[in-house]
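Each chain, written out:
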Amino acid sequence: MRYDSKKRYSDCLFLLAVLLTAAVPKSAFGENPAEIVNPPLYLVYDVTYAGGKIAEVDFTESRPYSYKGQTVRDLECRIESSGLFNLNGRYLSIVADDYSVIYFRSDEGRPGDKRIVEYRLDYQNQSAAVIDNRVKGADTISTTSHIDNIDKKYFDTVSMIFKIRQEIGSIKAPYYIPLFMGGRQDSILIESISDAQSIGRNGEAVDAFLIKAKLPYSPYPGFGDGIEIYISKDEDRVPLRGRIQMALGYMEINLRPR
């Protein structure tokens, strides 16, 4: 499955957004939806390029709930961009306790011009299904592909940051995290983790971890493949800032102070 250039640009904005971690706290499959109201994590970010704001990102993590005999939670992300970029999207991941992805759904574009992609991973049977729906006006073209030999737990670009947050005290770089990305198995390389400072949720400088990572491919012609992520050093481990190099300068995403 190959991406067109617009899709890769959208992936770049989405990847940068969720690396920091729509914002409606609901469950797609929850058996006990009342358990996930009042989400424990809700964050808002501003995306900028060349000094101008190009998008806003809302992010929500739900409370744990029961689904098919296991404890899961929802991670939801909404990107609302300017008309110049037209890269609006809503993304849902349903993840296990270790944040490995069970189900992922992206809904990008505008009414009448959408792309909706779903991943369903079945670790017990070592398989995955990828459903790709393209909506043009009143017409929908749907394709489904199946992947076998899913021999490890995978993370998507939403849940990966939670694995990093969960294990940041024990990760020893270089470190590879398995990704299910673009309808295929891949990985991201954590190159280094160091001490830094960033702007916290109250608008003041705080101690942070600086994670430097390398993508499996350049997300768009003219982009680099390196990403920087700042995560607070307090017990909340809040993603504070991220950036990716472009042909000219950087695309940045920063947590909006409360």
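Just so you know, these numbers come straight off a predicted model, no measurement behind them.

Chemist: So what exactly am I meant to see when it comes to the pattern of salt bridges here?
Modeler: Side-chain pairing between opposite charges can occur once the charged atoms of the two side chains come close. A complete count under the given rule lists 20 salt bridges for this structure. One salt bridge connects Asp107 with Lys114, and the closest N-O pair in it is separated by 2.8 Å. Classification of Asp107 as buried rests on a relative accessible area of 16%. For Lys114, a relative accessible area of 23% gives the class partly exposed. A salt bridge links Arg241 to Glu252, with the nearest nitrogen and oxygen atoms 3.3 Å apart.

Chemist: Just checking my understanding: could you explain unusual backbone geometry for this structure?
Modeler: The phi torsion of most residues other than glycine is negative, and most of the peptide bonds are trans. In this model, Ala173 is joined to Pro174 through a cis peptide bond whose omega is 0°. The residue Pro174 is located in the loop between helix 2 (160–167) and strand 10 (175–181) in this model. The residue Tyr99 is not glycine, and still its phi comes out positive at about 70°. Among the secondary structure elements, Tyr99 is positioned in the loop between strand 5 (89–95) and strand 6 (101–110). Classification of Tyr99 by relative accessible area gives buried; the value is 9%. Of note, Gln126 is a non-glycine position whose phi angle comes to about 50°, a positive value.

Chemist: It is not clear to me how the pairing of strand 6 should be interpreted in this structure. Could you clarify?
Modeler: A regular strand places its side chains on the two faces of the sheet in alternate fashion. With seven of 10 residues buried, strand 6 is to be regarded as a mostly interior element. One ladder, built from seven bridges, connects strand 5 with strand 6; its direction is antiparallel. Along strand 6, the bridge assignment pairs Leu92 with Arg105. Hairpin connection of strand 5 to strand 6: five residues between the antiparallel strands, including Tyr99 at a positive phi of 70°. By the bridge criterion, eight bridges tie strand 6 to strand 7 (residues 113–122) in an arrangement that is antiparallel. Paired with Phe104 across the strands is Tyr119, a residue of strand 7. Turn length for the strand 6-strand 7 hairpin, with the two strands adjacent in sequence and antiparallel, is two residues, and the turn residue Gly112 shows positive phi of about 90°.

Chemist: Looking at this structure, how should I read the nonpolar core?
Modeler: Soluble globular proteins tend to pack their nonpolar side chains together in the buried interior. Among the nonpolar cores identified, the biggest contains 56 residues, and Leu121, Ile164, Phe180 and Ile211 are the most heavily contacted of them. Ignoring sequence-local partners within four residues, the contact set of Ile164 consists of Ile171, Ile177, Ile190, Ile211 and Ile231. Counting residues in each nonpolar core, the second largest holds eight residues, with Tyr65, Val72, Leu92 and Ile94 among its members.

Chemist: Got a minute to help me understand the side chain of Glu118 in this structure?
Modeler: Along the chain, the position of Glu118 falls in strand 7. Assessed through its relative accessible area of 13%, Glu118 is described here as buried. Within the structure, the side chain of Glu118 is placed 3.4 Å from the side chain of Arg120, a separation counted as a polar contact. Non-local contacts of Glu118, meaning those with residues more than four positions away in its chain, are made with Tyr103, Phe104, Arg105, Ala129, Val130, Ile131 and Asn133.

Chemist: I tried to follow the confidence of the model for the protein chain on my own but got confused; where do I start?
Modeler: Parts of the model with low pLDDT should not have their predicted coordinates read in detail. The predicted model of the protein chain has a mean per-residue pLDDT of 78, with 78% of residues at 70 or higher. Predicted confidence in the protein chain is weakest over helix 1 (residues 5–20), with a mean pLDDT of 48, and strongest over strand 8 (residues 127–136), with 93. Below a pLDDT of 50 lies the segment residues 1–14, which in the model reaches 49 contacts outside its immediate sequence neighbourhood of four places, other chains included. A low-confidence stretch, residues 18–38 (pLDDT under 50), is modelled with 72 contacts involving residues beyond four sequence positions or located in other chains.

Basis of the calculations
Residues numbered from 1 in each chain as written. Predicted model: local features only at pLDDT ≥ 70, side-chain atom pairs only at ≥ 80, totals over all residues. Heavy atoms only, no water. Salt bridge = Lys/Arg side-chain N within 4 Å of Asp/Glu carboxyl O. Buried < 20%, exposed > 50% of the residue type's maximum accessible area, 1.4 Å probe, protein only. Helix = DSSP H or I, 4+ residues; strand = E, 2+ residues; numbered from the N terminus. Pairing = 2+ DSSP bridges. Core = buried A, V, L, I, M, F, W, Y, C linked by side-chain atoms within 4.5 Å. Contact = heavy atoms within 4.5 Å. Polar contact = N/O pair within 3.5 Å; in protein donor to acceptor, adjacent residues only side chain to side chain. pLDDT = per-residue confidence, 0-100.

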